[in-house]
Amino acid sequence: MALLKVKFDQKKRVKLAQGLWLMNWFSVLAGIIIFSLGLFLKIELRKRSDVMNNSESHFVPNSLIGMGVLSCVFNSLAGKICYDALDPAKYARWKPWLKPYLAICVLFNIVLFLVALCCFLLRGSLENTLGQGLKNGMKYYRDTDTPGRCFMKKTIDMLQIEFKCCGNNGFRDWFEIQWISNRYLDFSSKEVKDRIKSNVDGRYLVDGVPFSCCNPSSPRPCIQYQITNNSAHYSYDHQTEELNLWVRGCRAALLSYYSSLMNSMGVVTLLIWLFEVTITIGLRYLQTSLDRVSNPEEPESESEGWLLEKSVPETWKAFLESVKKLGKGNQVEAEGADAGQAPEAG
């Protein structure tokens, strides 16, 4: 028994074809929107690629760009099919290709749904990428004279100012690395010598942060050196007083920014996916109703359209059987090829 059977007369078929034609061109615009969202996200990720550890984070924008292009192609073709469906002579040319085309549309909708889910689920991967990338970027902050790394100081400073953050997880991350270049250290100074000798790696570590960590909204002048030394500053207690530094780490700030972007894009993609599924269902009804017209010479006659020719369990069983037959056919061909090579070897 057919699933979700509906009766159509000529008037209903014409309205369905016209409605689908209009919806397909709206879907072309939706494909352009998906493409634009993917391109925008890719540009935003490229802007801060220096503080990202690998290119895995580009999977979502690349997928959105690809699905946007495919959406424009498929829906343009579907619009042409719906337009020609009103003319029996033109529809006859499309008829043999409609079933394979609908199968491709179903596969496209499945992939589009998975891409929408990826927009919500790749937060963990992005967090690891940002964490490791920021850690490496902070390590190279002092290398202003090293080719290939001389831009890192500016990149980190602009990042901390733009996103109002400091360090990877917080401002204390700067205490664990030497972020001041040796070029600007006076090695004849006893203080510098003592600090370098105080750790095994021979690094100049200070309880200070770069100027870009300072919060300009604070009424007190920025305290960026000797942050944990209460006696170095008048009326100051670093444990109780609110510091005039950005407290939030840059990993959390960037993760929040990119997560909000991808969540918004995921919602838009899901809405477009629902629209695409509606169009695919409409195309299926149009195809089955036109194929079931009893007399093609009398287009005004009634016909039936359905979503599936059989019930869901029967359709699934038939699909599995067709897959098994296809596998057996490939196996027989392979055995035949091996048998043909055996006499030649002899």
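Basis of the calculations
- Residues numbered from 1 in each chain as written.
- Predicted model: local features only at pLDDT ≥ 70, side-chain atom pairs only at ≥ 80, totals over all residues.
- Heavy atoms only, no water.
- Disulfide = S-S within 2.5 Å.
- Buried < 20%, exposed > 50% of the residue type's maximum accessible area, 1.4 Å probe, protein only.
- Salt bridge = Lys/Arg side-chain N within 4 Å of Asp/Glu carboxyl O.
- Helix = DSSP H or I, 4+ residues; strand = E, 2+ residues; numbered from the N terminus.
- Axes fitted to C-alpha atoms, helices over the stretch in contact; angles between N-to-C directions.
- Left-handed = near helix turned anticlockwise from the far one by under 90°.
- Contact = heavy atoms within 4.5 Å.
- Nonpolar A, V, L, I, M, F, W, Y, C, P; charged D, E, K, R; others polar.
- Core = buried A, V, L, I, M, F, W, Y, C linked by side-chain atoms within 4.5 Å.
- Domains from an automatic or database assignment.

Concerning the state of the cysteines
Item 1. Following the criterion strictly, the structure yields three disulfides and no others.
Item 2. Between the sulfur of cysteine 214 and that of cysteine 222 lies a disulfide, 1.8 Å long from S to S. For the disulfide bridge between cysteine 214 and cysteine 222, the dihedral angle about the S-S bond is near -75°, and by the sign convention the bridge is left-handed.
Item 3. On the basis of relative accessibility, which here comes to 16%, the residue cysteine 214 falls in the buried class.
Item 4. Exposure remark for cysteine 222: the relative accessible area of 33% places this residue in the partly exposed category.
Item 5. Should the bonded cysteines of the protein chain be numbered as they appear in the sequence, the pairing reads 1-6, 2-3, 4-5.
Item 6. Considering cysteine sulfurs only, cysteine 119 is the nearest to cysteine 118, which forms no disulfide, with 7.2 Å between them.

Some points on the pattern of salt bridges
Item 1. Tallied over the full model, the rule gives ten salt bridges.
Item 2. Measuring nitrogen to oxygen at the nearest pair gives 3.0 Å for the salt bridge that ties aspartate 157 to lysine 153. On the criterion of helical spacing, the pair formed by aspartate 157 and lysine 153 is a turn pair, its members being four residues apart in helix α5 (residues 152-163).
Item 3. Looking at lysine 153, the relative accessible area reads 29%, which means it is partly exposed.
Item 4. Each of Glu44, Lys47, Arg48 and Glu162 takes part in one network of salt bridges that share partners.

A short note on the packing of helix α4 (residues 123-139) against helix α7 (residues 250-291)
Two quantities define a packed helix pair, namely the angle between the axes and the distance from one axis to the other.
Item 1. Between α4 and α7, the least distance of the axes is 10 Å, while the angle of their chain directions is 145°. In terms of crossing hand, the pair formed by α4 and α7 is right-handed. Across the interface between the two elements, Arg123, Leu126, Glu127, Leu130, Gly131 and Leu134 from α4 touch Cys250, Arg251, Leu254, Leu255, Tyr258, Ser259 and Met262 from α7.
Item 2. Looking at side-chain class alone, the contact of α4 with α7 contains eight nonpolar, two polar and three charged residues.

Quick word on the nonpolar core
Item 1. Ranked by internal contacts, the top residues of the largest apolar core, which has 69 residues, are Trp174 and Val209.
Item 2. Top contributing element to this core by residue count: α7, with 13 residues.
Item 3. The residue makeup of this core includes at least three contributed by each of domain 1 (3-137 + 252-310) and domain 2 (171-247).

Just geometry here; none of it tells us what the structure is for.
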